[in-house]
Amino acid sequence: MKHLLITSLLLLSYSAAMAGSIQVSVTPLKADSLPDISHVIDMKATGEKIIITYELKKGYGQRIMREIYPDTTTNILSFGKEYGKRDNGYYQLYMPYLIDSPDGNFQVVSQDDGELFTVGTDYKLESTGRFLIGTNFNIPFPISLYLKDAQQLSTDRYMFIAREPNGGRQSVFISDTGSIAISEIRPIIADANYPAWMINTGELAYSDRTGICAYAYRLYPKVEFFKPSGETITIHTVAEGGFDHQTMDYADMEEHNTLYFTDLTQTPDYTYALYLGKKWSDINHDAGSSRIYKFNHLGEIVGTIEIPVTLHNIVVLDDGQILAWNGENFLLIRLDIR
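Conventions and cut-offs
- Residues numbered from 1 in each chain as written.
- Predicted model: local features only at pLDDT ≥ 70, side-chain atom pairs only at ≥ 80, totals over all residues.
- Heavy atoms only, no water.
- Helix = DSSP H or I, 4+ residues; strand = E, 2+ residues; numbered from the N terminus.
- Rg over C-alpha atoms; globule rule 2.2 N^0.38 Å.
- Buried < 20%, exposed > 50% of the residue type's maximum accessible area, 1.4 Å probe, protein only.
- Areas by Shrake-Rupley, 256 points an atom, 1.4 Å probe, with all protein chains shown as cover.
- Pairing = 2+ DSSP bridges.
- Axes fitted to C-alpha atoms, helices over the stretch in contact; angles between N-to-C directions.
- Phe/Tyr/Trp six-rings, centres within 6.5 Å; stacked < 30°, edge-to-face > 60°.
- Lys NZ or Arg CZ within 6 Å of the ring centre and 35° of its normal.
- Salt bridge = Lys/Arg side-chain N within 4 Å of Asp/Glu carboxyl O.
- Core = buried A, V, L, I, M, F, W, Y, C linked by side-chain atoms within 4.5 Å.
- Contact = heavy atoms within 4.5 Å.

Please give an account of the overall build of the protein that cites residues and values.
When its secondary structure is counted, the protein shows zero helices and 25 strands. Relative to the 2.2 N^0.38 estimate, which gives 20 Å for 338 residues, the radius of gyration of the protein is 20 Å and therefore close to what a compact globule would have. If one aligns the C-alpha atoms of the protein with their principal axes, the spans along those axes are about 55 × 50 × 40 Å. Counting the 338 residues in the protein, one finds 50% classified as buried. Summing over all exposed atoms, the protein offers an accessible surface of approximately 15200 Å²; the carbon and sulfur share of this is 48%.

Talk me through the sheet that holds strand β3 (residues 37-46); I want residue IDs and the actual numbers.
Pairing is antiparallel in the open sheet, where four strands are placed in the order β3-β4-β5-β6. At either margin of the open sheet sits one strand with a lone partner, and together these are β3 and β6 (76-82). Geometrically, the sheet is characterised by an average inter-axis angle of 35° between neighbouring strands, direction not taken into account. As defined by bridge partners, strand β4 (residues 49-56) adjoins strand β5 (residues 63-71) across six bridges and the pair is classed as antiparallel. Its bridge partner being in β5, Thr53 is matched across the sheet by Met65.

How would you sum up unusual backbone geometry? Please name residues and give values.
Of note, Tyr60 is a non-glycine position whose phi angle comes to about 55°, a positive value. Structurally, Tyr60 can be placed in the loop between β4 and β5. Using a relative accessible area of 76% as the deciding quantity, one classes Tyr60 as exposed. Even without being glycine, Asn75 reaches a positive phi, approximately 60°.

Describe the packing of aromatic side chains, naming the residues involved and giving the relevant values.
Pairs of aromatic rings are described using the distance from one ring centre to the other and the angle between the two planes. The final tally for this structure, using the stated rule, is 15 aromatic pairs. When the centroid spacing of 6.1 Å and the interplanar angle of 80° are considered together, the rings of Tyr217 and Tyr220 count as edge-to-face. An identical accessibility class is assigned to Tyr217 and Tyr220; each is buried. Geometrically, the ring pair formed by Phe261 and Tyr275 is edge-to-face, given 5.2 Å between the ring centres and 65° between the ring planes. One end of the pair, Phe261, is in strand β19 (residues 258-266); the other, Tyr275, is in strand β20 (residues 270-279), and 14 residues separate them in sequence. For Phe261, a relative accessible area of 1% translates into the label buried. Residue class for Tyr275 comes out buried when judged on its relative accessible area of 9%. Over the ring of Trp197 we find Arg163, and its NZ or CZ is 3.6 Å from the ring centre. Sitting above the plane of the Tyr270 ring, Lys294 keeps its charged end 4.1 Å from the centroid.

Could you give me a rundown of the pattern of salt bridges, with the residues and numbers involved?
By the definition in use, this model includes 16 salt bridges. Where Arg291 meets Glu306, a salt bridge forms, and the shortest distance between an N and an O atom there is 2.7 Å. Placement of Arg291 in strand β21 (residues 290-296) and of Glu306 in strand β22 (residues 301-307) is noted, with a sequence separation of 15 residues between them. Look at Arg291 and you get partly exposed, because its relative accessible area is 28%.

Provide a residue-level description of the sheet that holds β19, including the pertinent values.
Read across the open sheet, the four strands follow the order β19-β20-β21-β22; overall the sheet is antiparallel. The open sheet has two edge strands, β19 and β22, and neither has a second partner. The sheet shows a mean angle of 20° between the axes of neighbouring strands, taken without regard to direction. Pairing of β19 with β20, which is carried by seven bridges, proceeds in the antiparallel orientation. Bridge pairing in β20 places Gln266 opposite Thr271.

Please provide a residue-by-residue account of the nonpolar core, values included.
One finds Met159, Val172, Leu204 and Tyr215 to be the most contacted residues of the largest nonpolar core, which totals 20 residues. At three residues, the largest contribution of residues to this core is made by strand β16 (residues 212-217). Aside from chain neighbours lying at most four places away, what touches Val172 is Met159, Phe160, Ile161, Ser183, Glu184, Ile185, Arg186, Ile188, Leu204 and Phe226. Membership of the second largest hydrophobic core comes to 18 residues, among which are Val40, Ile50, Leu77 and Leu332.

Tell me about the side chain of Thr53, and please be specific about residues and values.
Position of Thr53 among the secondary structure elements: in strand β4. Looking at Thr53, the relative accessible area reads 3%, which means it is buried. Not counting residues up to four positions away in its chain, the partners in contact with Thr53 are Val40, Ile41, Asp42, Arg63, Ile64, Met65 and Pro96.

Kindly report on the pairing of strand β14 (residues 181-187), identifying the contributing residues and their values.
Each regular strand displays side chains that alternate between the two surfaces of the sheet. Two strands pair when backbone bridges link them, and strand β13 (residues 170-176) and β14 are joined in this way by six bridges, in the antiparallel orientation. Looking across to β14, one finds that Phe173 is bridged to Glu184. Hairpin connection from β13 to β14: four residues lie between these consecutive antiparallel strands, with Ile180 at a positive phi of about 55°.

Here is the structure:
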């Protein structure tokens, strides 16, 4: 753990006007201590809780999941207990991933083998005895046991992204844990000539209110909206350019490409996509900028929000407040609609 030091620069609230109608203010949140976070993997608002998953700089890939409590009046951030932490300091799961549920509760899936857990007393994880994916499932073609962006659709049905082995394509799948069957819904491919999963990585979100899915590409300036049947609703390409295919075999491929959409989050009424539009080497973490695209659940762009700092992750608290991570600190973004 390290103490969160707020410099005189960070004590200031940044502000910028958007189209003369929205005033944006960005305030660093104070905390007694902040984990030595390498990067935040996920931030979600589920029910009344905000839950983050992150890795530590010296955590050897161990993912940590815990609740956080931003006080929007005092601008103070508190950290809750860690899920699945054993008494000996080790964790029940190496790669936990939060699954939001239609009833406002949530489950946890082991991202590297698909086992489902609920949260018991004292934040311990309790196995349900079910899996989202496994060698005994009826599957349309071979896929890796690694999965991401899992969403619960109903009691036995879950949506997630998985990929073919050996650098193959990735797709959206639905798993029926009752019948132990997995069906492919839609391949996630921005350019049909380049289907490999590593260049089509991004974020999937699903609205149980409208039954509509959104996918934002990390290495292409593209957001797709579609139904769980796979039927396309709309596709937005917000900029020119895209992945440099000459870098496909580079080990540090992402460092040579523009990062477009880096996070995707939802409220009951809107989808918010965080857009950078810069290469990692060109990002100024002290004086950079970000943009948030706001979509309704028909996939229509209803606004863009210019943020005067570089953001890595966001979660929308309500349509006037956004909690963000900028790589070093948690920030509270307030949107004053004029």
